[in-house]
Structures are given as C-alpha cells and as structure tokens.
Amino acid sequence: ERVTIGKRIGVARGTDMAALGTAIHACIAATFTDEGAPLSADEVSAILSGLGAGDSVTSKEVLAQIQSLQGWIAGKWGNPEAYAEIPVEAVLDTGQIINGRIDLLLKVASGWILLDHKANPQAADQWDRIADEYAGQLNAYKCALEQATGQPVLESWLFFPISAGAIRIDSIGH
C-alpha cells in the first residue's frame, strides 16, 4: 500500500542529506511532542538552521508537509495518541539485540502504528526498493514493541517527507 502525502519538497543543490534528515526528524518530533502547541514557520526555520539545513529547503514547505502528515494520520486513524522519537532496546527471540529509536508511534484502540521517516528524495518508483532496505529495521522495532507492551503492531510505514508519500511495510514473524 502506498499513498501520496502533501507535495514534494524542493531541495537545494549540494544539500547535506544527513543534516536535512536530522532537521526534518526534529521538526516532526517537535510537532508531535505537544500537539496543543503547533510549530510555526519561524520555529521550523530555527530548527532547520540550527541543524545545518537552513538553506536546503523552505520552512513553509516543511511545515506544509508536516500538516499533510497530520491530516493523513487523522483521516486514517482518527486521533491516536502520538509518541515521537521513542527509544527501543530489546533482545529478540533470535538473540539479536536491537537498539534504536522509533520515529513516530501511534496508539490506536487495538494496538500500535509504527512510522519511520526517511528524508530520501527519490521518486515514488523507488519506494519499493527503499522499503525492502528498511523492512528488517521496522520488523525488529515491531517485535521489540510487541514484546515490551503485549500489544500488536498493526501497521508499519515508511514516510517520505521530501518525496511526499508513504509506503506500508509488510512484516514477517519474529
């Protein structure tokens, strides 16, 4: 399953994509940390600048994309509890130890929705390939979250804020 969310964000030539990814993650996290205090374009601009991505994208486009993400979430899952940048550490049934951070976690009545943001500017025709690269990571997070909470992860998604969409990741058993 794939969806379009918002509009593609223009990225300046020569942009440090790691810095931009970190800045966009921070903007999304700040938005979902206190939904009662929405970010302004000036605050987005300050975050982008502070993390070395101030000249890479416009704060207006980033803010619009975050609002589009919020609209998609509300349309698909109503008004779930949202948790941003949640640390996860677990020993899986395989003996593998995972240590990471869940970008965005939504609590719905029957379980969890897991979202991971990728500031990858590639077009939608590349999303399946990118999803294959990150399926293992999301599955590990899914298993760890289910072990820790006893609640199922109902869906896992990769969100592409720059290329304006998301793709659902099918998980495998743990």
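It should be emphasised that the depicted structure is a prediction, and the values quoted were computed from it without experimental measurement.

## So, the pattern of salt bridges
- Taken as a whole and judged by the stated rule, the model has seven salt bridges.
- Glu1 is the salt-bridge partner of Arg168, the closest N and O atoms lying 3.7 Å from each other. Residue Arg168 is found in strand E6 (residues 165–169), and its partner Glu1 is found in the segment before strand E1 (2–4); the two are separated by 167 residues along the sequence.
- Residue classification places Arg168 among the partly exposed positions, given a relative accessible area of 29%.
- A salt bridge links Arg168 to Glu155, with the shortest nitrogen-to-oxygen separation between them at 3.9 Å. Of the two residues, Arg168 is situated in strand E6 and Glu155 in strand E5 (residues 153–160); the sequence distance between them amounts to 13 residues.
- Relative accessible area serves as the criterion here: at 14%, Glu155 is assigned to the buried category.

## Topic: the packing of helix H1 (residues 17–33) against helix H3 (residues 59–77)
- One can describe the packing of H1 onto H3 by two numbers: an axis separation of 10 Å at closest approach and a directional angle of 50 degrees. As the angle between them shows, H1 and H3 are arranged oblique. With respect to the hand of their crossing, H1 and H3 are arranged in right-handed fashion. Contacts between H1 and H3 involve Cys27, Ile28, Thr31 and Phe32 on the former and, on the latter, Val62, Ile66, Leu69, Gln70 and Ile73.
- In the contact of H1 with H3, the residues fall into seven nonpolar, two polar and no charged.

## Description of the pairing of E5
- When you tally the buried positions in E5, you get seven out of eight residues, the bulk of the element.
- Sheet topology note: the strand E4 (residues 111–117)/E5 ladder contains six bridges and is parallel. Its bridge partner lying in E5, Asp116 is registered against Leu158.
- At this point the chain moves from E4, through helix H4 (residues 127–149), to the parallel E5, and the crossover so formed is right-handed.
- As paired elements, E5 and E6 share five bridges and run antiparallel to each other.

## Here we look at the packing of H1 against helix H2 (residues 41–50)
- Between H1 and H2, the shortest axis-to-axis distance is 9 Å and the interhelical angle comes to 145 degrees. Handedness of the crossing formed by H1 with H2: right-handed. Of the residues in H2, those in contact with Ala23, Ala26, Cys27 and Ala30 of H1 are Val44, Ile47 and Leu48.
- Of the residues in the contact of H1 with H2, the class split is seven nonpolar, no polar and no charged.

## Here we look at empty space enclosed by the protein
- Enumeration over the complete set of coordinates arrives at one cavity of 30 Å³ or more.
- Taken together, Ile9, Ile24, Ile28, Val62, Gln65, Ile66, Phe159 and Pro161 make up the lining of the largest cavity.

## Here's the deal with the pairing of strand E3 (residues 97–108)
- A large share of E3 lies buried, amounting to nine of its 12 residues.
- Pairing between strand E2 (residues 81–91) and E3: 10 bridges, direction antiparallel. Following the sheet pairing, Tyr83 is matched in E3 by Leu105.
- Between E3 and the antiparallel strand that follows it, E4, lie two residues.

What counts, and where the lines are drawn
Residues numbered from 1 in each chain as written. Predicted model: local features only at pLDDT ≥ 70, side-chain atom pairs only at ≥ 80, totals over all residues. Heavy atoms only, no water. Salt bridge = Lys/Arg side-chain N within 4 Å of Asp/Glu carboxyl O. Helix = DSSP H or I, 4+ residues; strand = E, 2+ residues; numbered from the N terminus. Buried < 20%, exposed > 50% of the residue type's maximum accessible area, 1.4 Å probe, protein only. Axes fitted to C-alpha atoms, helices over the stretch in contact; angles between N-to-C directions. Parallel < 35°, antiparallel > 145°, perpendicular 65-115°, else oblique. Left-handed = near helix turned anticlockwise from the far one by under 90°. Contact = heavy atoms within 4.5 Å. Nonpolar A, V, L, I, M, F, W, Y, C, P; charged D, E, K, R; others polar. Pairing = 2+ DSSP bridges. Right-handed = clockwise from strand over helix to strand, strands pointing away. 1 Å grid on protein atoms, 1.4 Å probe; cavity = no way out; pocket = protein on both sides within 12 Å on 5 of 7 lines; lining within 4 Å. Points joined across faces, edges and corners; volume = space filled by probe spheres on them.

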